[in-house]
Amino acid sequence: MLTAGEVAGLIVAMFWAILVCFMAVVLVRLARLLAETTKTVAELSDRVVPLLEDVSQTVSETNRQLVTVEAIAHNMRDVSGDMVKITGVASALLTGPVIKISALGHGIRAAIAGRRRRPARSAPVTQGAERPAVPRMRAPSERRGAGAGRRRG
């Protein structure tokens, strides 16, 4: 029969064999996992490279469009500045004569209205009939009485 040391050695050897088999299974599965991961990374890189190229083209096109938009905005700023200048010149050229013409028209209307209101020469003119009596404005000192507006300290 076997001695206790031999039985213990046999048990340890069996556990060792089971451990090695377990480790072999784990290593095989780990190898499969690494192979799948490598395959997935390769497929992903095959898909990502064209996507990155598309993104690069999109960014380039966007930058080109932004340059165009910036040029348009610059031109619009120049045009609006020119419009301000043209408006100022047109305003200066037109407002002076328009004001003078409207003043002349007002003067002519006032003169015509004055001629229509003037009485005929054959009728006697009375002094009070020309203008209606307008009450005279009194000075502030007259309204309050003499000395009432001033206080002496």
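Residues numbered from 1 in each chain as written. Predicted model: local features only at pLDDT ≥ 70, side-chain atom pairs only at ≥ 80, totals over all residues. Heavy atoms only, no water.

## Things to note about the overall build of the chain
Then, in step 1: Helix and strand counts for the chain come out as three helices and zero strands.
Then, in step 2: The order of helices and strands in the chain, counted from the N terminus, is α-α-α.
Then, in step 3: Out of the 153 residues in the chain, the part that is buried amounts to 0%.
Then, in step 4: Accessible area for the chain stands at about 14600 Å²; split by element, carbon and sulfur atoms hold 67% of it. (Helix = DSSP H or I, 4+ residues; strand = E, 2+ residues; numbered from the N terminus. Buried < 20%, exposed > 50% of the residue type's maximum accessible area, 1.4 Å probe, protein only. Areas by Shrake-Rupley, 256 points an atom, 1.4 Å probe, with all protein chains shown as cover.)

## Structural notes on the pattern of salt bridges
Then, in step 1: Applying the stated criterion to the full structure yields one salt bridge.
Then, in step 2: Between arginine 64 and glutamate 61 there is a salt bridge whose closest N-O contact spans 2.5 Å. One end of the pair, arginine 64, and the other, glutamate 61, are both in helix H1 (residues 4–117), three residues apart, so they sit about a helical turn from each other.
Then, in step 3: A relative accessible area of 46% means that arginine 64 is categorised as partly exposed.
Then, in step 4: Judged by its relative accessible area of 36%, glutamate 61 is partly exposed. (Salt bridge = Lys/Arg side-chain N within 4 Å of Asp/Glu carboxyl O.)

## Regarding a nonpolar patch on the surface
Then, in step 1: A cluster of nonpolar side chains, contributed by Leu2, Val7, Leu10, Ile11, Met14, Phe15 and Ile18, occupies part of the molecular surface with about 700 Å² of accessible area.
Then, in step 2: When its relative accessible area of 51% is taken as the criterion, methionine 14 is described as exposed. (Patch = residues over 30% accessible without salt bridge, like charges linked within 9 Å, V, L, I, M, F, W, Y side chains within 5 Å.)

## Here we look at the confidence of the model for the chain
Atom-level detail of predicted coordinates should not be read off regions where pLDDT is low.
Then, in step 1: Per-chain confidence: the chain averages 83 in pLDDT, with 76% of residues scoring 70 or above.
Then, in step 2: Averaged pLDDT values for the elements of the chain fall to 53 in helix H2 (residues 127–130) and rise to 92 in H1. (pLDDT = per-residue confidence, 0-100.)

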